[in-house]
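The residues making up each chain are set out below.
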Amino acid sequence: MKKLFRSETDKKVTGLCGGLARYFNLDTTLVRLLVAAAAIFSFGTVVFIYIVASIIVPKESFSGFTDSFDHY
């Protein structure tokens, strides 16, 4: 099951758009443009939702990565 996380590697502000792009398998630039357009046309409602989501959605953890330098 996929989980939504804020991206630590693909972020401009909080990593929320990068996390949404990864979750929905979309291009990050497309998600950022959609969020920016929605923020303009919603008269700030999406900005409030973005801030709240950035607080609620956890950061991704790097525990799933393996160390490529650990050779036996």
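Residues numbered from 1 in each chain as written. Predicted model: local features only at pLDDT ≥ 70, side-chain atom pairs only at ≥ 80, totals over all residues. Heavy atoms only, no water.

- As recorded in an unreviewed UniProt entry, the protein chain goes by PspC domain-containing protein and comes from Paenibacillus tianjinensis.
- UniProt's Subcellular location (unreviewed entry) comment on the protein chain is quoted here verbatim: "Cell membrane". (UniProt positions renumbered as here; feature names shortened; annotations may be inferred.)

### Here we look at the overall build of the protein chain
- Scanning the protein chain from N- to C-terminus turns up three helices and zero strands.
- Scanning the protein chain from its N terminus toward the C terminus, one meets helices and strands in the order α-α-α.
- The buried share of the protein chain, taken over its 72 residues, is 24%.
- Across the protein chain, every contact between residues at least 6 apart in sequence was considered, and the portion connecting residues at least 24 apart equals 42%.
- Surface exposure of the protein chain reaches about 5,800 Å², of which carbon and sulfur atoms provide 67%. (Helix = DSSP H or I, 4+ residues; strand = E, 2+ residues; numbered from the N terminus. Buried < 20%, exposed > 50% of the residue type's maximum accessible area, 1.4 Å probe, protein only. Contact = heavy atoms within 4.5 Å. Areas by Shrake-Rupley, 256 points an atom, 1.4 Å probe, with all protein chains shown as cover.)

### Quick word on the nonpolar core
- With seven residues, the main nonpolar core is built from L16, C17, A21, V31, Y50, A53 and V57.
- Counting residues per element, the ones that place at least two in this core are helix 1 (16-24) and helix 3 (45-56).
- Each residue touching A21, except ones within four places of it in the same chain, is listed here: L26, D27, T28 and V31. (Core = buried A, V, L, I, M, F, W, Y, C linked by side-chain atoms within 4.5 Å.)

### Topic: the UniProt feature "transmembrane region" (unreviewed entry) in the protein chain
- Residues annotated by UniProt as "transmembrane region" (unreviewed entry) correspond here to residues 30-53.
- In residues 30-53, helix accounts for 88% and strand for 0%; the two terminal C-alpha atoms are 18 Å from one another.

### Re the pattern of salt bridges
- Across all of its chains, the model carries two salt bridges by this definition.
- The salt bridge partner of E60 is R22, with a shortest N-O separation of 2.7 Å. Here R22 lies in helix 1 and E60 lies in the segment after helix 3, a separation of 38 residues in the sequence.
- Using a relative accessible area of 15% as the deciding quantity, one classes E60 as buried. (Salt bridge = Lys/Arg side-chain N within 4 Å of Asp/Glu carboxyl O.)

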